[in-house]
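Single-letter residue listing:
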Amino acid sequence: MAFLGSTVRRMVSAVRPPRSPLCRTPARSCSSEPTKEKSVPYEKTLKQNDRASSGPTKPLPRSADVVVIGGGSLGCQTIYHLAKMGMTNAVLLERDRLTAGTTWHTAGLLWQLRPSDVEVELLAHTRNVISKDLEEETGLHTGWIQNGGLFIASNKQRLDEYKRLMSLGKVYGIESHVLSPAETKDLYPLMNVDDLYGTLYVPKDGTMDPAGTCTTLTRAASARGATVIENCPVTGIQVRTDDLGIKRVKAVETAHGTIETPCVVNCAGVWATKLGDMAGVKVPLIAMHHAYVVTERIEGIQNMPNVRDHDASVYLRLQGDALSVGGYEANPIFWDEVSDKFAFSLFDLDWDVFMQHIEGAINRVPVLEQTGIKSTVCGPESFTADHKPLMGEAPEVRGFFLGCGFNSAGMMLGGGCGRELAHWIIHGRPEKDMYGYDIRRFHNSLTDNQRWIRERSHESYAKNYSVVFPFDEPLASRNMRKDPFHQVLTEQGCVFQERHGWERPGWFNKDAPAPVKDYDYYGAYDHKKNVNYKYNELLGKEYTFDFPPHHDVIKSECLSCRHGVAVFDMSYFGKFYLSGPDAKKAADWLFTADVNKKPGSTVYTCMLNKRGGAEADLTVSRLEPGAANLPLAPESNGDAYYLAIGGGVAEHNWNHIRTVLQDQGFHCQLTDHSEDMGMISIQGPKSREVLQEVLDTDLSNDAFPFSSHKVVKAAGHWVRAMRLSFVGELGWELHIPKDSCLPVYHAVMAAGAKNGIINSGYRAIDSLSIEKGYRHWHADLRPDDTPLEAGLAFTCKMKSSIPFQGRDRLEKQKEEGLRRRIVCFTIDEKVPMFGLEAIFRNGVPVGHLRRSDYGFFIDKTIGYGYIRSPDGGVVSADFIKSGDFTLERMGVTYKAKAHLRTPFDPENKRIKGIYA
């Protein structure tokens, strides 16, 4: 038998002196060799040692409404929720036995608090299914154990993060307590608290049993009419092309027969990429070894909570009277050759890789140094570029859904994600805002880029336990998409952000250029670590929940725009053309606003799903018919529209439009010219004065009114000029063919020199736009928010008789009254907020901030959040006016003022060029 302490000593002996703190002489002798035992710590698994029955456990049906492939946590949760929602002609196919791939060896932890409101809701549903619903439906116990969870903070920033989680938890009724080191010792006597700053204790966290959970799920699904078939590997996916050229799922092939079906759900875990290949679908995940060890019995450990020591990158899961010890290391082992025969199997543990977790575990629970290791558990898990799952309908093939890439969180997210996936399949969209998991969050140029998948998945894995700071950026796979201004802005000190593969300006460092370097894997795998890395140093200074050191730089960028003129590079925007014989019909149906005004008009609008939720906000410009002048204009004999869309969500928008066109049978052309044009936005009181020297057209209010556009010459180059603003000032956007970008940019900067023109970035845009009250999609406007709730009723053509997608839901909501609505809040204290802060009305939680930033012109912190009435009633203007509101930030409450209109320029005078 090996002991944890001796394992550490053996591994560090080559690099440390023999008398380091973790190398104390053991009180008793122990084996010098690590255990060879490989087994999971569960009393029951679904593995069958006798392989006498090698065929399918049930006959295959000839057809099904949906076929779920993969019998792990997600597959079982999805088939259960499909059946529960009434889709009984559903089949689950598992190549071996249930849980055989990665689920059987999972640690099964469930933590209720995450830095995401949607994930908190998903986890809550999983917990309800596992701890209550299934037992009530089947009479069977799933193996759920509620022993609580304890998050360890070894520094102030970590404890601040936990306090943020605690505040969010109050909105959802999740009990949690910040404990002092002494209180932590009382709760967990075996813990070393000497180096602790504090802990967060969540009493109703717990653990799940994979075999018990999946067995109960499939029994409940079968009782409702679903069919679960084991020992039936899938050998192919048939795809047909319909009359409109659209690829659709046709059937699932196995060695034992074919099932005709219009819908497949890929829940195949680390094998999901191979399954996607069968249908021509890209599945951007990668397989890695992920491990934990199981200790021998520990006296006094019974009933202790599970522990996450994020700073040591280690977790301690209670396993009866023992512990499972695991974590996330900086040098995980990739499983490049994924084997189809790997079922109920484990790898040999690489102690060189795993040793760091043992060291952290012994520091936290010192008794572990003298505790034996009973077994090791090292199995494959699938990981993704942002450590979020892959879900939703694949862009390549209609009817092919993803439910994979769960980054070791398939058990705890399974219930919530299984329900959303079932709703997605049945109703076309999930109920919640699942954009953060939707495969369409990634640009199509990235999802088969192996460098991007590998580097980003590695970084996300290595940083899984890092503090989630508001302004962090990845270092992996940068510079994938660069606009024509990239080099000149880099030379001027631009600190870039990464969105959708694009490098977009974040803010401008006045000291020196800070270029992004190639990824160094944080020095792992013998990569030479980047040195003198200015960009990384600046990122590190952002690692705070206070104002960052360059707060004044962003202030300067904002106030230069408010008082003078600033240039914003917004080239990463999606730039689409919609044309063709049914373009007007499509535009009427797609867009909430009436975009069919005279050519030369530009309209801000939303696009909705069938439930009335906002799938996008964008500007739509109606074009003059005529010959093609690409990239500035497509050929059109009739109606044509130019769509400008936030670049971080361009792929989502593209696929939403394409799906609606297909479902409605509209004959249109949708073309993407995002890479062919750059875009700069010149904003501020002096923007007209600057641009009048550059553009060959009259920029007066009468000649060039707000919400209009023209193709004009800028410094001798053709551009499309649009009078718009996303910051609440007089200004124009210039959409420029890429070869003309730099000459036009230099002309603008030269003309603006006497007016003090400066470059500004998206950090300034975030501040300026929230100050003005403009929405950011996927922050204060999401697919589960309607325009009426979001204060965007003005974008909806409700006074016309023109139908549009989601209109019926808005009409019903308008008639019944709003049960929730967005509200603007300001506070007088000079403290930063970032979103997720709890909103209280008269001392009762009524919501949380979705988005927050500092407004430099009004000199206040501003936040936007959706509030509900505690009694579920209508949220009226009087409800807001009569309330006494506070915001809770990290456990501290601040008196807040609620605003029904933006506190900055509520009359919209500035965008009209009216300055006092």
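## Digging into the sheet that holds strand β32 (residues 758–760)
Argument step 1. A sheet is described by the order of its strands in space; here six strands give the open sequence β29-β30-β31-β28-β22-β32, paired in mixed fashion. Edge positions in the open sheet fall to β29 (709–714) and β32, since each of these has one partner strand only. Averaged over neighbouring strand pairs, the angle between their axes works out to 30° when direction is ignored.
Argument step 2. Examined bridge by bridge, strand β22 (residues 566–569) and β32 share three bridges and lie parallel to one another. Paired with alanine 566 across the strands is isoleucine 758, a residue of β32.
Argument step 3. Those strands touched by helix α13 (residues 551–563) are β22, β28 (677–683) and β32, and its axis lies near 115° from that of β32.

## Concerning the environment of histidine 387
Argument step 1. With respect to the helices, strands and loops of the structure, histidine 387 is situated in the loop between β17 (373–384) and β18 (390–393).
Argument step 2. Assessed through its relative accessible area of 15%, histidine 387 is described here as buried.
Argument step 3. Measuring from C-alpha to C-alpha, the distance between histidine 387 and alanine 764 comes to 28 Å, with 377 residues separating the pair along the chain.
Argument step 4. Not counting the four nearest positions on each side in its chain, histidine 387 is found in contact with Tyr328, Asn407, Ser460, Tyr461 and Asn464.
Argument step 5. In this structure the side chain of histidine 387 is engaged in a polar contact, spanning 3.1 Å, whose partner is the side chain of asparagine 464.

## Overview of the pairing of strand β11 (residues 257–260)
Argument step 1. Here strand β10 (residues 247–254) pairs with β11 via four bridges, running antiparallel. If you follow threonine 254 over to β11, its bridge partner there is glycine 257.
Argument step 2. Here β10 folds back onto β11 in antiparallel fashion, the turn holding two residues.

## Describing the layout of surface pockets
Argument step 1. Its volume calculated, the second largest pocket comes out at about 900 Å³.
Argument step 2. Contributing to the lining of the second largest pocket are 34 residues, with Asp784, Glu789, Arg820, Arg850 and Arg868 lying nearest its centre.
Argument step 3. Within the residue set of the lining of the second largest pocket, elements represented by two or more residues are α3 (117–138), α9 (410–427), α19 (807–816), β35 (844–855) and β36 (860–868).
Argument step 4. For the lining of the second largest pocket, the element with the highest residue contribution is β35, accounting for five residues.
Argument step 5. Split into classes, the residues belonging to the lining of the second largest pocket amount to eight nonpolar, nine polar and 17 charged.

## Looking at the packing of α3 against helix α6 (residues 210–223)
Argument step 1. One way to put it is that α3 packs onto α6 with a least axis distance of 10 Å and a crossing angle of 45°. The angle between the axes of α3 and α6 places the two elements in the oblique class. The element α3 and its partner α6 pack so that their crossing is left-handed. Packed against α3, whose contacting residues are Val129, Ile130, Leu134, Glu137 and Thr138, the element α6 presents Thr213, Thr216, Leu217 and Ala220 at the interface.

## Thoughts on helix α7 (residues 272–279)
Argument step 1. Those residues of α7 lying buried are Ala272, Leu275, Gly276 and Ala279. All buried residues of α7 lie within an arc of 100° about the axis, which places them on one face of the element.
Argument step 2. Those residues of α7 that are buried lie in contact with β1 (66–69), β9 (234–241), β12 (264–266), β13 (285–295) and β19 (400–404).
Argument step 3. Of the residues trailing α7, glycine 280 is marked for its positive phi of about 75°.

## Describing the pattern of salt bridges
Argument step 1. This structure, assessed with the given rule, holds 51 salt bridges.
Argument step 2. When the shortest N-O distance is used, the salt bridge between glutamate 888 and lysine 170 registers 2.9 Å. Separated by 718 residues along the polypeptide, glutamate 888 in strand β37 (residues 885–889) and lysine 170 in helix α4 (residues 156–171) bring together distant segments of the chain.
Argument step 3. A relative accessible area of 36% places lysine 170 in the partly exposed class.
Argument step 4. Ionic pairing is found between aspartate 785 and arginine 850, a salt bridge with its closest N-O pair at 2.8 Å. Highlighted residues: aspartate 785 in the loop between α18 (762–772) and α19 and arginine 850 in strand β35, separated in sequence by 65 residues.
Argument step 5. For aspartate 785, a relative accessible area of 0% corresponds to the buried category.
Argument step 6. Accessibility expressed as a relative area gives 14% for arginine 850, which makes it buried.
Argument step 7. Members of the salt-bridge network, linked through shared partners, are Asp117, Asp433, Arg782 and Asp784.

## What to know about helix α12 (residues 534–541)
Argument step 1. Among the residues making up α12, those that are buried are Tyr535, Leu538 and Leu539. Buried residues along α12 cover an arc of 105° about the axis, so they all sit on one side.
Argument step 2. Residues of α12 that are buried make contact with β20 (494–499) and β21 (502–508).

## Structural notes on the packing of aromatic side chains
Aromatic rings in a pair are described by how distant their centres are and how their planes are angled relative to each other.
Argument step 1. If you walk through the whole model with that rule in mind, you get 34 aromatic pairs.
Argument step 2. Between tyrosine 521 and tyrosine 525, the aromatic rings sit 5.6 Å apart at their centres with planes inclined by 75°, giving edge-to-face as the arrangement.
Argument step 3. An aromatic cluster is built from Phe334, Tyr519, Tyr521, Tyr522 and Tyr525, whose rings are joined through pairwise contacts.
Argument step 4. A cation over a ring is seen here: arginine 504 above tyrosine 762, with NZ or CZ 3.9 Å from the ring centre.

Calculation criteria
- Residues numbered from 1 in each chain as written.
- Predicted model: local features only at pLDDT ≥ 70, side-chain atom pairs only at ≥ 80, totals over all residues.
- Heavy atoms only, no water.
- Pairing = 2+ DSSP bridges.
- Helix = DSSP H or I, 4+ residues; strand = E, 2+ residues; numbered from the N terminus.
- Axes fitted to C-alpha atoms, helices over the stretch in contact; angles between N-to-C directions.
- Contact = heavy atoms within 4.5 Å.
- Buried < 20%, exposed > 50% of the residue type's maximum accessible area, 1.4 Å probe, protein only.
- Polar contact = N/O pair within 3.5 Å; in protein donor to acceptor, adjacent residues only side chain to side chain.
- 1 Å grid on protein atoms, 1.4 Å probe; cavity = no way out; pocket = protein on both sides within 12 Å on 5 of 7 lines; lining within 4 Å.
- Points joined across faces, edges and corners; volume = space filled by probe spheres on them.
- Nonpolar A, V, L, I, M, F, W, Y, C, P; charged D, E, K, R; others polar.
- Parallel < 35°, antiparallel > 145°, perpendicular 65-115°, else oblique.
- Left-handed = near helix turned anticlockwise from the far one by under 90°.
- Arc of directions from axis to C-beta.
- Salt bridge = Lys/Arg side-chain N within 4 Å of Asp/Glu carboxyl O.
- Phe/Tyr/Trp six-rings, centres within 6.5 Å; stacked < 30°, edge-to-face > 60°.
- Lys NZ or Arg CZ within 6 Å of the ring centre and 35° of its normal.

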